[in-house]
Amino acid sequence: MPERRARAADARRGGEVKRCAWPGEDPLYIRYHDRDWGVPLHNDRKLFEFLVLEGAQAGLSWITILKKRTAYRKAFDRFDFNEVARYGEVQVRRLLRNPGLVRNELKIRSAVNNARAFLRVREEFGTFNKYIWRFVEGEPVQNRWRSLKQIPARTTLSDAISKDLKQRGFSLWIVSATGKSRSLPVVEDKTTVSLVLGSGGARGYAHIGVIRWLEENGYEIKSVVGSSMGALIGGIYALGKLDEYRDWVCTIDKLDVFRLLDFSLGEGGLVKGEKIMNALRRFMEDRRIEDLTISYTAVASDIANEKEVWINRGNIFEAIRASISLPLFFTPYRLNDVYLLDGGILNPVPIAPTFQDATQRIIAVNLAGSPSSEYRGQQPEDKEDEGLGKKIQEFLETLRPAGTIREKLGFYDVVDQAFDAMQGTIARQKIAAYPPDVLVEIPRNLCGIMEFDRAPEIIDAGYRAAADQIPRAEERLR
C-alpha cells in the first residue's frame, strides 16, 4: 500500500497523481480516489463513517453516496458513534424526513443498530480499529488486479469479516470490492424462529422493536405465539400489517387512547372493548388463522375451568379479542360458548405451544423483567399532560359514594401493580419450566400497563433490548 499513501500525499501537495480509470472526470470521484480510496484507516470515527456510508450504498452507485456525504455527516452528528447509538424513534423519524439522505428505513435503522454494536466491539477490544485490523494481522492486503473485471464481488476474507460482524449484532454489513463497485451482502441462510410474545399491556409495543431487529439481522419468523398484547402484536404481524400499525400507534396521544375506552359498568369489566377493536379493524383482515402464511396461536384464559386456551384455528380477530380481555378493564369475550379472559392471567409467556414447531430457535420476549435503573422514575416527555391512568382514576372517582375517604393508592394504581406482580411471578415459573433458546427481558418499570401513548420510546426500548441481549444469547449457544 506504500504507493497509495504516496498518492494521497501527492494529492495533498497538489502534485501529479496516477489514477485508476474508474473516477473518470468527476471531481467527487477524483477527490475520493486521491484522498480515501485504498488509504489505510485507523480512526474509529472514520471507520464508523464508512460503515454508515457503505450500508447506505446497497443497490446504489457510490457516486450517489458521495454526493450525500456532507448531509450524512451533519445528520449523524459528524459520525459520533456514541451519539448515534443513543438515537431513538424520534431521531430515526427525523432522519427519514431528511431529503439529503437515502431515506430507506431499513438502512437508517441499520446505521443506528450498528452504532450500538460498534460500541460493544469497542468495549471488548478497546477500539474498533484493533478489532477490524486483526483479520489481516495489522497489514493491508495488496492486490495486483489489472482490470475491474478481475475484482471479485466477495472473497474468503470479506465473507469471514461479514459473518463475524453479523454474529456481533451488526446488520446490513456490506463489503465493497472497490471504491466504485456495487456492494453485495453476504448471502446466508436465515435462522428460522418461533417467536413467543408475552403479555404486559403497553409494554407490548416493545415487541414491535424486537420483531424489527430480528428481521434486520437474518432471522425468519415462522411461528408466533402471543398472550394478551403479545397476541395482538403477533396477529397483526402475521397479517402483514405491522408497519401500518406501528405508524398509527406512534401518532396517538393520551386523549386519543382515552377516547377509545367505551366504559361499561356492570358487565364484567370497565371497558367493552368495541371501540378499540373497531379502531384495530383497519389492520386486521377477516382471515382465518389456518390460512395465514405463518403459524399463529393466541393464548387466552378459561377461568371457570382454570385452564389456558390455545387458539390456533378460526377467526384471528376473535382470537385476539379473547386474548386481550384484561380483568376489570375489558369485558370477557365469549368464544365457542366459553367466556375467556386475558391470556396473561395463566400464562404471560406461553412457550409450550412452540414445542411442535420445526424451527431453529425459540425466542421469547418477557415483558415482566426485573426493573431497570434506566427507567426508574421515568416519565413521558410531555410532563404537563395528564397520564391515561390518571384520567381513568378521575372517571372512577365520579363513581365513589359521597363522603368516602380516598385511599393513597387509587384503583388504577392497585390494578397496575397487582397485575405486574402476578405476571412477573408466573412468568418466572413458566420460563423455568419451559426455557426458550433465547430470552429477551423487558424491564417491567419501562412503563405502566395503560401508557399506550408512549409507543415510540417503548418500541425503541424493545429494539435496543433485542440488539443487546440476542447476540449475547447466540454467543452462549455456539
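Scroll up to find the structure.
Report follows, based on the coordinates.

What counts as what
- Residues numbered from 1 in each chain as written.
- Predicted model: local features only at pLDDT ≥ 70, side-chain atom pairs only at ≥ 80, totals over all residues.
- Heavy atoms only, no water.
- Helix = DSSP H or I, 4+ residues; strand = E, 2+ residues; numbered from the N terminus.
- Buried < 20%, exposed > 50% of the residue type's maximum accessible area, 1.4 Å probe, protein only.
- Contact = heavy atoms within 4.5 Å.
- Areas by Shrake-Rupley, 256 points an atom, 1.4 Å probe, with all protein chains shown as cover.
- Expected span 1.5 Å × (residues − 1).
- Polar contact = N/O pair within 3.5 Å; in protein donor to acceptor, adjacent residues only side chain to side chain.
- Pairing = 2+ DSSP bridges.
- Axes fitted to C-alpha atoms, helices over the stretch in contact; angles between N-to-C directions.
- Parallel < 35°, antiparallel > 145°, perpendicular 65-115°, else oblique.
- Left-handed = near helix turned anticlockwise from the far one by under 90°.
- Nonpolar A, V, L, I, M, F, W, Y, C, P; charged D, E, K, R; others polar.

1. Comments concerning the overall build of the chain
- Looking only at helices and strands, one finds 18 helices and twelve strands in the chain.
- Expressed as a percentage of its 478 residues, the buried residues of the chain come to 53%.
- For the chain, contacts bridging at least 24 residues in sequence account for 74% of all contacts bridging at least 6.
- Accessible surface for the chain amounts to roughly 23,100 Å². Of this, 49% is attributable to carbon and sulfur atoms.

2. A look at helix 7 (residues 105-125)
- Given a rise of 1.5 Å per residue, 21 residues ought to cover 30 Å, and the 30 Å separating the end C-alpha atoms of helix 7 matches this to within 8%.
- One side-chain oxygen of the residue at the start of helix 7 lies 3.0 Å from the amide nitrogen of Lys107, identifying that residue as Asn104.
- Where helix 7 ends, the next residue or the one after it, Gly126, has phi of about 95°, a positive value.

3. Focus on unusual backbone geometry
- For Glu306, which is not glycine, the phi torsion reads 55° and is therefore positive.
- When you line up the elements, Glu306 lands in the loop between strand 6 (295-302) and strand 7 (307-311).
- A positive phi is found at Asp337, a non-glycine position, where the angle reads about 65°.
- Within the secondary structure, Asp337 is located in the loop between strand 9 (333-335) and strand 10 (338-340).
- Note on Asp337: relative accessible area 63%, which makes it exposed.

4. What about the sheet that holds strand 6?
- Pairing in this open sheet of six strands is mixed, and the strands run 7-6-4-3-11-12 from one edge to the other. This sheet does not close on itself; its edge strands, each paired only once, are strand 7 and strand 12 (438-443). Along the sheet, successive strands turn relative to each other by an average axial angle of 20°, direction set aside.
- In the packing of helix 11 (residues 229-238) onto the sheet, contacts are made with strand 3 (191-197), strand 4 (219-227) and strand 6, and the angle to strand 4 comes to roughly 140°.
- The strands touched by helix 18 (residues 455-477) are strand 4, strand 11 (361-369) and strand 12; relative to strand 12, the strand with the most contacts, the crossing angle is about 150°.

5. Describing the packing of helix 3 (residues 44-57) against helix 7
- Remark: helix 3 packs on helix 7, axes separated minimally by 10 Å, with the N-to-C direction vectors making an angle of 150°. With respect to helix 7, the axis of helix 3 lies roughly antiparallel. Seen along the crossing, helix 3 lies across helix 7 with a hand that is right-handed. Residues Asp44, Phe48, Leu51, Val52, Gly55, Ala56 and Gln57 of helix 3 lie in contact with helix 7, whose contacting residues are Lys107, Ala111, Asn114, Ala115, Phe118 and Arg122.
- Within the contact of helix 3 with helix 7, the residues separate by chemical class into seven nonpolar, three polar and three charged.

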